[in-house]
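The primary structure of each chain is shown beneath.
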Amino acid sequence: MRSVVLPEFGPPDRLRVVETPEPRPGPGQVAVRVAAVGVQFLETQIRSGVMRGALGGAPLPVVLGKEVAGRVSAVGPDGDAALVGTRVLAGTAGTGGYAEVAAVPADSLVPVPDDLDLQDALALYRYGATAQGLVQAARVSAGDRVLVLAAAGAVGTVLLQLLKHAGATVVGAARGEHKLALARKLGADHAVDYSLPGWPGEVREAAGGSVDVVFDHVGGELGRASFDLLTPGSGRQVVFGFSGGTPLDVRPMELLGRGLTLTGFSAGPIWSRPDHARALVTEVLGLASAGSLTPVVGRRFPLEGAADAHAAVEARDTVGKTLLVP
């Protein structure tokens, strides 16, 4: 079968398509004939060597890829043969997804409704669960004024829609008119370009003052400017990454002095509880099947285009989810 192999850390062109043996599922595993695999920003950092520790000690060469969609093609010893042929989402143990066939833990499988395209379902998989977890972590309720940074990203596009579903007033912040137009299309009440001077003032005007909640995946100066927009006494900022390259810098006394809440959020605890993760994903897929949530696949690349996919994700030249399609 064909796989995208990373033989050494470096720029995107280190990724190569080669022939590798097809994996055979072991105990507790199934094999999935991959219809699509998601490209994560973290994977671009692993490839570059910045986050090589995320491989958990796996040696090079390695096949990246954690999130796949497809049909079960085989089950491991003592596995449930009835799974063969079923349409599923699945997570690898951390590697092996950039391939035509992937071996995945059987307890990671999430059934995909028959009326939902596999690629669309994949766009809602891990980031859908993350978005649901974020809404819960921030205790969002109807009437809250919410600012979403990186609103056109893979998490942001799902988060915007879940927030509107919860009854919040949503300001989506992103860079460039194309991304702002997408945020509006997905239901954002207001869209602000945070690459322009004075954007915090636009947020205040749009929200009618301060904001109750900030979802921050950017960090750095943008995260800090967002923190300054929070409502004293009740504002809360949920930080779930720093794609801008620098973490948010806030001192404890600033939280105490203004009565604010700062929450760090990681999707890791979600996926460490497979039943909980499956429930979150199933809820998101159900909303999509009902027409209440729109999956956003920004760009699709063949396996041979993996380097181009990584370059596009690193350059922030994507919206929604970026996929490799074997």
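Every value quoted in this text rests on a predicted model; they were computed, and no experiment measured them.

## Concerning the UniProt feature "domain: Enoyl reductase (ER)" (unreviewed entry) in the chain
- Summarizing the sequence annotation, UniProt attributes the feature "domain: Enoyl reductase (ER)" (unreviewed entry) to residues 10-324 in the numbering used throughout.
- Note that residues 10-324 is 32% helix and 23% strand, and that its end C-alpha atoms are spaced 20 Å apart.

## Let's talk about a nonpolar patch on the surface
- A surface patch of nonpolar side chains, amounting to about 250 Å² of accessible area, comprises Leu42, Val50 and Met51.
- Checked against the element boundaries, Val50 lands in the loop between α1 (41-48) and β4 (67-75).
- Taking the relative accessible area as the measure of exposure, Val50 reaches 61% and is therefore exposed.

## Some thoughts on the packing of helix α3 (residues 126-137) against helix α4 (residues 154-165)
- Contact geometry for α3 and α4: axes closest at 9 Å, N-to-C directions at 50 degrees. With respect to their mutual orientation, α3 and α4 come out oblique. Between α3 and α4 lies a crossing of right-handed hand. Each of Tyr127, Gly128, Thr130, Ala131, Gln132, Leu134 and Val135 in α3 lies in contact with α4, whose residues at this interface are Ala154, Val155, Val158, Leu159, Leu162 and Leu163.
- Grouping the amino acids of the contact of α3 with α4 by side-chain chemistry returns 10 nonpolar, 3 polar and no charged.

## With respect to the nonpolar core
- Within the largest apolar cluster, 54 residues are counted, with the highest numbers of intra-cluster contacts made by Leu89, Val148, Leu163 and Phe215.
- In this structure, this core is formed jointly by two domains, domain 1 (2-117 + 295-324) and domain 2 (127-268), each of which donates at least three residues.
- The residues touching Leu89, leaving out its near neighbours within four places in the chain, are Val68, Ala69, Ser108, Leu109, Val110, Val112, Ala121, Leu122, Tyr125, Val281 and Leu285.
- The next biggest cluster of nonpolar side chains, apart from the first, holds 29 residues, and it includes Leu15, Ala90, Val104 and Leu303.

## Observations concerning α1
- Considered for burial, the residues of α1 that qualify are Glu43, Thr44, Ile46 and Arg47. On an axial view of α1, the arc spanned by its buried residues comes to 160 degrees, and they lie on one face.
- Contact partners of the buried residues in α1: β3 (29-38) and α11 (306-314).
- At the exit of α1 stands Gly49, carrying a positive phi of roughly 100 degrees.

## Examining the side chain of Asp144
- Relative to the elements of secondary structure, Asp144 occurs in the loop between α3 and β8 (145-149).
- A relative accessible area of 10% means that Asp144 is categorised as buried.
- Among the polar contacts listed, one links the side chain of Asp144 to the side chain of Arg236, at a separation of 3.0 Å.
- Those residues in contact with Asp144 that sit more than four places away from it in its chain are Arg139, Ala168, Thr169, Asp212, Val213 and Arg236.

## Considerations on the side chain of Thr157
- By secondary structure assignment, the location of Thr157 is in helix α4.
- Of the residues examined, Thr157 reaches a relative accessible area of 2% and is grouped as buried.
- Apart from the residues within four sequence positions on either side, Thr157 is in contact with Ala151, Ala152, Leu182, Leu186, Val296 and Gly320.

## Things to note about the pattern of salt bridges
- Using the criterion set out here, one finds 15 salt bridges in the structure.
- With a closest N to O distance of 3.0 Å, Arg236 and Asp144 form a salt bridge. Taken as a pair, Arg236 in strand β12 (residues 236-239) and Asp144 in the loop between α3 and β8 lie far apart in primary sequence, 92 residues in all. Each member of the pair, Arg236 together with Asp144, is buried.
- For Arg278, the salt bridge identified is with Asp275, shortest N-O distance 3.0 Å. Of this pair, Arg278 and Asp275 both sit in helix α10 (residues 274-289), 3 residues apart, roughly one helical turn.
- A cluster of three or more residues bridged by salt bridges with shared partners is formed by Arg2, Glu100 and Glu304.

Conventions we followed
Residues numbered from 1 in each chain as written. Predicted model: local features only at pLDDT ≥ 70, side-chain atom pairs only at ≥ 80, totals over all residues. Heavy atoms only, no water. UniProt positions renumbered as here; feature names shortened; annotations may be inferred. Helix = DSSP H or I, 4+ residues; strand = E, 2+ residues; numbered from the N terminus. Patch = residues over 30% accessible without salt bridge, like charges linked within 9 Å, V, L, I, M, F, W, Y side chains within 5 Å. Areas by Shrake-Rupley, 256 points an atom, 1.4 Å probe, with all protein chains shown as cover. Salt bridge = Lys/Arg side-chain N within 4 Å of Asp/Glu carboxyl O. Buried < 20%, exposed > 50% of the residue type's maximum accessible area, 1.4 Å probe, protein only. Axes fitted to C-alpha atoms, helices over the stretch in contact; angles between N-to-C directions. Parallel < 35°, antiparallel > 145°, perpendicular 65-115°, else oblique. Left-handed = near helix turned anticlockwise from the far one by under 90°. Contact = heavy atoms within 4.5 Å. Nonpolar A, V, L, I, M, F, W, Y, C, P; charged D, E, K, R; others polar. Core = buried A, V, L, I, M, F, W, Y, C linked by side-chain atoms within 4.5 Å. Domains from an automatic or database assignment. Arc of directions from axis to C-beta. Polar contact = N/O pair within 3.5 Å; in protein donor to acceptor, adjacent residues only side chain to side chain.

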